[in-house]
Amino acid sequence: MERTFAIIKPDAFAAGFAGKILARIYAEGFKVVGLKKLYLSKVEAEGFYAVHKERPFFGELTDFMSSGPCIVMALEAENAILKWRDLMGATNPAEAAEGTLRKEFGSSIGENATHGSDAPETAAFELGYFFNGLELL
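All of these numbers come straight from a predicted model, not from anything done at the bench. (Residues numbered from 1 in each chain as written. Predicted model: local features only at pLDDT ≥ 70, side-chain atom pairs only at ≥ 80, totals over all residues. Heavy atoms only, no water.)

Trainee: Just checking my understanding: could you explain the overall build of the protein chain for this structure?
Mentor: Check the secondary structure of the protein chain and you find seven helices and four strands. Starting at the N terminus and walking to the C terminus, you meet the elements of the protein chain as β-α-α-β-α-α-β-α-α-β-α. Computed over its C-alpha atoms, the radius of gyration of the protein chain comes to 14 Å, within 12% of the 14 Å expected for a compact globule of 137 residues. Projecting the C-alpha coordinates of the protein chain onto the three principal axes gives extents of approximately 35 × 35 × 25 Å. Burial status across the protein chain gives 47% buried among its 137 residues. Once local pairs closer than 6 in sequence are excluded, the contacts in the protein chain between residues at least 24 apart make up 75%. (Helix = DSSP H or I, 4+ residues; strand = E, 2+ residues; numbered from the N terminus. Rg over C-alpha atoms; globule rule 2.2 N^0.38 Å. Buried < 20%, exposed > 50% of the residue type's maximum accessible area, 1.4 Å probe, protein only. Contact = heavy atoms within 4.5 Å.)

Trainee: Explain the sheet that holds strand β3 (residues 70–77) here, please?
Mentor: Ordered by their spatial adjacency, four strands build an open sheet running β2-β3-β1-β4, and the pairing between neighbours is antiparallel. Looking along the sheet, the strands with just one partner apiece sit at the ends: β2 (31–38) and β4 (114–116). Each neighbouring strand pair of the sheet contributes to a mean axis angle of 20 degrees, computed without reference to strand direction. In the sheet, β2 pairs with β3 via seven bridges, with the strands oriented antiparallel. Looking at the pairing, Lys 36 lines up with Val 72 of β3. Sheet strands touched by helix α7 (residues 120–130): β1 (2–8), β2, β3 and β4. Its angle to β1, the strand with the most contacts, is close to 60 degrees. (Pairing = 2+ DSSP bridges. Axes fitted to C-alpha atoms, helices over the stretch in contact; angles between N-to-C directions.)

Trainee: What is the right way to look at the environment of Ile 81 in this model?
Mentor: Tracing the backbone through its elements, the reader meets Ile 81 in helix α5 (residues 80–88). The buried category is assigned to Ile 81, whose relative accessible area is 7%. Spatially, the C-alpha atoms of Ile 81 and Ala 23 are 18 Å apart, while their sequence positions differ by 58 residues. Filtering out sequence-adjacent residues up to four positions away, Ile 81 remains in contact with Glu 2, Arg 3, Thr 4, Ser 117, Asp 118, Ala 119, Pro 120 and Ala 123.

Trainee: What is the right way to look at the nonpolar core in this model?
Mentor: In a soluble, globular protein the nonpolar side chains are often hidden away together inside. By size, the foremost hydrophobic cluster in this structure holds 20 residues, and its most contacted members are Ile 8, Ile 21, Ile 25, Phe 30, Met 73, Leu 75 and Trp 84. Put simply, the parts of the chain that give this core at least two residues each are β1, α2 (18–27), β3, α5 and α6 (101–105). Not counting residues up to four positions away in its chain, the partners in contact with Met 73 are Thr 4, Phe 5, Ala 6, Ile 7, Ile 8, Leu 22, Ile 25, Gly 34, Leu 35, Leu 127 and Phe 131. Listed in part, the 18 residues of the second largest apolar core include Leu 40, Phe 58, Leu 61 and Ala 74. (Core = buried A, V, L, I, M, F, W, Y, C linked by side-chain atoms within 4.5 Å.)

Trainee: Any chance you could explain the packing of aromatic side chains here in plain terms?
Mentor: What describes a pair of aromatic rings is the distance from one ring centre to the other and the angle between the planes of the rings. As enumerated under the stated definition, the model contains nine aromatic pairs in all. Counting every residue linked through ring pairs, the aromatic cluster contains Phe 5, Phe 48, Tyr 49, Phe 125, Tyr 129 and Phe 130. Directly above the ring of Phe 30 sits Lys 83, whose terminal nitrogen or CZ lies 5.0 Å from the centroid. (Phe/Tyr/Trp six-rings, centres within 6.5 Å; stacked < 30°, edge-to-face > 60°. Lys NZ or Arg CZ within 6 Å of the ring centre and 35° of its normal.)

Trainee: When you look at α5 in this model, what are you seeing that I'm missing?
Mentor: Owing to its 3.6 residues per turn, the α-helix brings residues three or four apart onto one side. What α5 keeps buried is the set Ala 80, Ile 81, Trp 84, Leu 87 and Met 88. The arc that holds the buried residues of α5, viewed along the axis, is 135 degrees, so those residues lie on one side. Facing away from the buried surface of α5 by more than 90 degrees, the exposed residues are Leu 82 and Asp 86. Against β1, α2, β3, α6, β4 and α7 lie the buried residues of α5. Phi for Gly 89, located one or two positions after α5, is positive at around 95 degrees. (Arc of directions from axis to C-beta.)

Pasting the structure below:
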């Protein structure tokens, strides 16, 4: 079993899609081993996305991620990282495959409903950023 990190972003949360996204997570066979609803501060968003600090979209991304509540999750499944990324779909919802979360719930590259780790090292950092070991079941 592998663990990955996932976020239901502020756009999807505000639009009332969190329940539908969670239902899909369970339907696709993921086990939710950690879940929190939170409201990231700008500083927390900057720390989480520090890898993108030099990119031109950093300010816009961290403004968006600190604009409202989101849900952060630790998901577990066989090949969880790839499985979650496949379920999310392409970063740009316009290019995402039918049936993916971003196609169904995203509206733009910036507001694309979900986030997921892209590698085991990223997952380890992201899970550790939001969860301590005692919070993961």
